[in-house]
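# Per-entry structural report
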Number of protein chains: 2
Amino acid sequence: MTTPEGEFRRDESLGYVVNLLGRLFARALDQRLRRHGVALGQFPVLLILWEQEGITQSEIARRLDIEQPTVANTLKRMERDGLVSFGPDPGNRRQVLVGLSEKGRALRAPLIAEAEAVNGQASQDFSAAERALFIALLRRMAANLSEFSE
Amino acid sequence: MTTPEGEFRRDESLGYVVNLLGRLFARALDQRLRRHGVALGQFPVLLILWEQEGITQSEIARRLDIEQPTVANTLKRMERDGLVSFGPDPGNRRQVLVGLSEKGRALRAPLIAEAEAVNGQASQDFSAAERALFIALLRRMAANLSEFSE
DNA sequence: TGCTGTACTATAGCTTGCTATGTTGTTTCG
DNA sequence: CGAAACAACATAGCAAGCTATAGTACAGCA
């Protein structure tokens, strides 16, 4: 399944097309989140905190599969924007527990609605079966790429 | 197809999963390109220039669906790294034509091999039909998101 | 011709991702 | 107990995406 002659068609390259679609999703969601004063990268962190507050920075990084310094910087901007606050863990002085502000909690329903609107637009002509199939293929591919790098 | 109760499952969200897969592709390809001294974002630009040299910055941006300032900055780094050179267009003094260095041309085969290796790993257990179906779904979704923003 | 609009490039500034490295606290084990 | 390993967080520095804006050259038209 290698390409015949040093040729390489961008439009047939999995990585290229996935990356392009990813940027389209990012642009669409970013525009909508900005209306609420929230930046794109803050949204996944909010998703985690809406599930569970009082976890550590590294736990957030682990659940999102993002590096710890990236999360640290995003949290710092979220604190600046009044979305989260940090409290020391009395039982463990090296870690810091992250909590939501009221503002952060209140954004849950409206921001999730924005994300669902984007997902809805993206899959507007997909049947439920197609959508499920698509997610399954995405996940298989992600699993393939997560295997030890070689 | 909206979610029942303010719930939002990351693992079922199209945007979330596409974004995650995109980062996995990016990490995998970045690691491989680094061995050749090339940064990830330079690769799409190289793909364009391998097809056709002597085009303008904005033409590159248009073909890749990336904003012009992003391309401008990437090209600046590529010049620094000795991959491209700029020549003024004698017939049009406002634009600049981008050309490849010998080094840039020579990287074609090895870098395409790296990209194909990543694509191959990602789709290692996919049949040709599945791969084609997957690409078709990605493209439909991209078309849906490209429709005028609302 | 000259003015207006458009196209190309550049610059500033932000966010979010990454790696690499350092600091500090906790755990483990000899 | 003390040393070594490990875990959490911070910081520095880079790449690449974005928006907004400004400057310059060209084109089209009154």
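Each value, and the rule that gives it
Residues numbered from 1 in each chain as written. Chains lettered and ligands numbered in written order. Predicted model: local features only at pLDDT ≥ 70, side-chain atom pairs only at ≥ 80, totals over all residues. Heavy atoms only, no water. Axes fitted to C-alpha atoms, helices over the stretch in contact; angles between N-to-C directions. Helix = DSSP H or I, 4+ residues; strand = E, 2+ residues; numbered from the N terminus. Parallel < 35°, antiparallel > 145°, perpendicular 65-115°, else oblique. Left-handed = near helix turned anticlockwise from the far one by under 90°. Contact = heavy atoms within 4.5 Å. Nonpolar A, V, L, I, M, F, W, Y, C, P; charged D, E, K, R; others polar. Least-squares fit on C-alpha atoms with pLDDT ≥ 70 in both. Near = heavy atom within 4 Å. Polar contact = N/O pair within 3.5 Å; in protein donor to acceptor, adjacent residues only side chain to side chain.

Moving on, we get to the packing of helix H2 (residues 42-51) of chain A against helix H6 (residues 108-122) of chain A. All names here are of chain A. Between H2 and H6, the least distance of the axes is 11 Å, while the angle of their chain directions is 130°. As judged from the angle between their axes, H2 and H6 are oblique. Remark: the crossing between H2 and H6 carries left-handed chirality. On H6, the residues that touch Phe43, Leu46 and Trp50 of H2 are Arg108, Leu111, Ile112 and Ala115. Counted by class, the contact of H2 with H6 contains six nonpolar, no polar and one charged residues.

So, on to the relation of the copies chain B and chain A. Between the two copies, chain B and chain A, the superposition gives an RMSD of 0.0 Å; the rotation angle is 180° and the shift along the axis is 0.0 Å. Such values leave the two copies arranged in the relation of a two-fold axis. Most of the interface of chain B is mirrored in chain A: 100% of its interface residues are interface residues there too.

Attention now goes to the protein's contact with DNA strand D. Taken together, 26 residues sit near DNA strand D, with Arg27(A), Ser58(A), Val96(A), Gly41(B) and Arg93(B) positioned nearest. When atoms of DNA strand D within 4 Å of the protein are sorted by moiety, sugar and phosphate together comprise 72%. Separating a phosphate oxygen of DNA strand D from a backbone N or O atom of Glu67(B) is a distance of 2.9 Å. The contact in question runs from a phosphate oxygen of DNA strand D to an N or O atom on the side chain of Arg80(B), over 3.0 Å. Broken down by element, the surface near DNA strand D gets its largest block of residues, four residues, from helix H4 (residues 68-80) of chain B. Along the lines of polarity and charge, the residues of the surface near DNA strand D split into six nonpolar, nine polar and eleven charged.

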